[in-house]
Structures are given as C-alpha cells and as structure tokens.
Amino acid sequence: MNRSSLLRLILILMLLTTTIQACSSKNLKEPVRSANASKKTGILLVSHGSPSKTWRDALFELEKSVTPEIMADGKVSGIKTAFMEYTEPSIATRLKEFDKDGYSDVVVVPVFLTVSPHSFDDLPTIMGQKEDPRSMETLKLEKIERYKPAAAIHMTPLLDFGDALQKNVVRRVKGLSANPSNEGLILIGYGDEDYEKEWKELFDKVGASVKQETGIDAYSHAWCGHIVRYRSDSTTAAVTRMLKRKQHAIVIPVLVAHDENFQVRIIGSGLEKASADKNRILYKPDALLPDPSIEEWIVSTVKNTMNAMTSSPGK
C-alpha cells in the first residue's frame, strides 16, 4: 500500500471514529434526551477562505444550490457555510450558531481537494476534536478561534474520494480543446509542502482521465500556492516545457473558486512570461465552481453520512 492510499485509509478511519464516538457518547453540555426525539442535524460546508468576495460568493452559491435536495426529506434542519480563515463566518461562529439553535449533530463537509494538514489537523483542532500542537500554535498565530461545540461532529470525506474532480476538469478541457493531438494539459493547483506526493498523484489521476476522455496525451502540473510562495514561476516553467512538446498548452486552474489573486495575478502573469505567442496558450481563469458534479458529490456525501449515523449503534 503506497503512502497516499495509507493516508486516505487513515483519514477514513478518523472520520469513522469521529462519527462512532459522536453517536455513542452523551454530551455533557446538554441535558439527557430521549433517542431521536430531540434529533436536530445541521450541515456545515467548510472551505479554506479567501479575502476575495468573488471566491466567497461562489461558496455561498454552492450552499444555495445543494440546500433544496439535501433538505427535501426533512432529516436536515439547516445548512450553513463557514471559512477556515481570512473572513467570517468562521467555523467557530457557525458552530456557536448551531449550538444556540439546539442542534444535536453537525455534519461537516470539507470542500477541499485532497489530504493536507487542513483535513488531518487544522479542522479537527478548530472544532475541538483534536489537539495537534502544531495546528494549535498556527491557529493562535493566525487568530483563528477554536470552539468545541455541544453538538456531535461528523466529518465527511474529501473531494478526491469520488470522481467529481475528474468530471469537472474533463468538462473544462473539452470547452477549450480544438485539436487534441496538438495540445498538452497543464493542471495548476494550490499544492502543499507536506503532501506534495499526494497532490501529484491526484493530478496524475485527473490527467489520465483527461487523456482517456479527450485523447490529449501530454500532461504536466504546476503550483500557485504557499508551496511556491505564491510566485508565478512554476506556471511559467510548466507551460514553457509543454510548448516545446506541443503546439498548444491548455491550462486549467484546479482551484475551488475564482480568486483574482490566483487566477489573474499569479497564474495570469505566469502565462504572460511563458510565450510571446498568446494564441498558443488556451486558458480560462475559471475554477471548480460552479459545477453540477461538485453539487452532486456534496448531496451524495451528506446522504451517505446521514445513513451511517442512523445505522450506528445507539441511534
């Protein structure tokens, strides 16, 4: 079993453990309730956060899009969106709101691409489910509030546990592609220093899906986040290399939502330096959202988690 598979297995076990503990233990902050009689479940869509209003609005629109189907059967009483950093509403703010309104359970859906310190350490630490020393120090420095809710927390898997990401990128590539035999694909992601191998494996899987669905047989990737100190050099280098192999480079930002700092300033400036002939670069400064595949993934993930909660002992 490779490191990526092992990490995913560990994450799944962590999520199952959180759910089982939440289902089997009584919360000392609340009075004892009869089973199911006072059940009130909320959904919290959690994303990284950004100073960009355009970025934040995309996440609020995602909430609006998935709300009708998730709440259709009456098992969910409310859906909220929270951001891990940079802006309100924060995770702590939303969890306090759920507590104030008497929620017994909160299903937390991390809208993150793949494994990272955010999913393993930061989110559980913020919500009082874990006390990771490094995360606690980072959260303190960044003034991110920690809050352990009275409601039981149930964490769901990440985006890479399904095929929504592959479907999304294939659709966007097809929208730009004109002659696959003369084109190469560049995927540009935020990246992570601790989990670079896992990010690369994810992008390799996406690249393979694009090849199968479109016939584009050349693929590479680049980073635009903290791993490259938010510089455009990685984008420039990847595109320059691809244009030595293919007539055109299709550049896809694999980012959750549109943020002017990334799609325009970092990636855009990197493309400017990559080639004097702009017609050779096929690029649209878009993002994963909005997308029906992502919405379907969220709805399915929530329903699967709710079913697991219902079938757990003590429920």
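Scroll up a little and you will see the structure.
Across its full length, the protein holds 10 helices and eight strands. A burial count over the protein gives 54% of its 315 residues as buried. Sequence separation of 24 or more characterises 77% of the internal contacts of the protein that already satisfy a separation of 6 or more. When the accessible area of the protein is evaluated, it comes to approximately 14500 Å², of which 53% is carbon and sulfur surface.

Excluding glycine, residues mostly carry a negative phi; peptide bonds, for their part, are mostly trans. With an omega of 0 degrees, the peptide bond between Glu-88 and Pro-89 qualifies as cis. One can find Pro-89 in the loop between strand S2 (76-83) and helix H3 (91-100). Cis peptide bonds are those with omega within 30 degrees of zero, and the linkage from Leu-289 to Pro-290 qualifies with 0 degrees. Topologically, Pro-290 is positioned in the loop between strand S8 (281-283) and helix H10 (292-311). Residues other than glycine seldom take positive phi values, yet Lys-143 does so here, at roughly 60 degrees. Note on placement: Lys-143 falls in the loop between helix H5 (133-141) and strand S4 (152-155). Relative accessible area serves as the criterion here: at 77%, Lys-143 is assigned to the exposed category. In this structure, Tyr-230 is a non-glycine residue whose phi angle is positive, near 60 degrees. Within the element layout of this structure, Tyr-230 appears in the loop between strand S6 (218-223) and helix H8 (233-243).

What follows concerns helix H9 (residues 260-274). With 15 residues, H9 ought to run about 21 Å at 1.5 Å a step, and its terminal C-alpha atoms sit 19 Å apart, in line with that. Largest kink in H9: about 35 degrees, centred on Gly-268. Looking only at H9, the buried set comprises Phe-262, Gln-263, Ile-266, Ile-267, Gly-268, Gly-270, Leu-271 and Ala-274. On its buried face, H9 sits against strand S5 (183-189), H8, strand S7 (248-253) and S8. At the N-terminal boundary of H9, the capping side chain belongs to Asp-259, with an oxygen 2.8 Å from the backbone nitrogen of Asn-261.

Here the focus is the pattern of salt bridges. Applying the stated criterion across every chain, the model contains 19 salt bridges. Linking Asp-233 and Arg-231 is a salt bridge whose minimum nitrogen-to-oxygen distance equals 2.8 Å. Among the residues examined, Asp-233 registers a relative accessible area of 38% and is labelled partly exposed. For Arg-231, a relative accessible area of 48% corresponds to the partly exposed category. One network of salt bridges, with partners in common, ties together Lys-80, Arg-94 and Glu-97.

Right, let's get into the packing of helix H2 (residues 53-70) against H10. Following both chains from N to C, one finds H2 and H10 inclined at 45 degrees, their axes separated by 10 Å at the closest point. Here H10 runs oblique to H2, going by the angle between their axes. Once H2 is placed against H10, the crossing between them reads as right-handed. On H10, the residues touching Leu-62, Ser-65, Val-66, Glu-69 and Ile-70 of H2 are Glu-295, Ile-298, Val-299, Val-302 and Lys-303. Within the contact of H2 with H10, the residues separate by chemical class into six nonpolar, one polar and three charged.

How each quantity is defined
Residues numbered from 1 in each chain as written. Predicted model: local features only at pLDDT ≥ 70, side-chain atom pairs only at ≥ 80, totals over all residues. Heavy atoms only, no water. Helix = DSSP H or I, 4+ residues; strand = E, 2+ residues; numbered from the N terminus. Buried < 20%, exposed > 50% of the residue type's maximum accessible area, 1.4 Å probe, protein only. Contact = heavy atoms within 4.5 Å. Areas by Shrake-Rupley, 256 points an atom, 1.4 Å probe, with all protein chains shown as cover. Expected span 1.5 Å × (residues − 1). Bend = angle between axes of the 7 residues up to and from the residue. Polar contact = N/O pair within 3.5 Å; in protein donor to acceptor, adjacent residues only side chain to side chain. Salt bridge = Lys/Arg side-chain N within 4 Å of Asp/Glu carboxyl O. Axes fitted to C-alpha atoms, helices over the stretch in contact; angles between N-to-C directions. Parallel < 35°, antiparallel > 145°, perpendicular 65-115°, else oblique. Left-handed = near helix turned anticlockwise from the far one by under 90°. Nonpolar A, V, L, I, M, F, W, Y, C, P; charged D, E, K, R; others polar.

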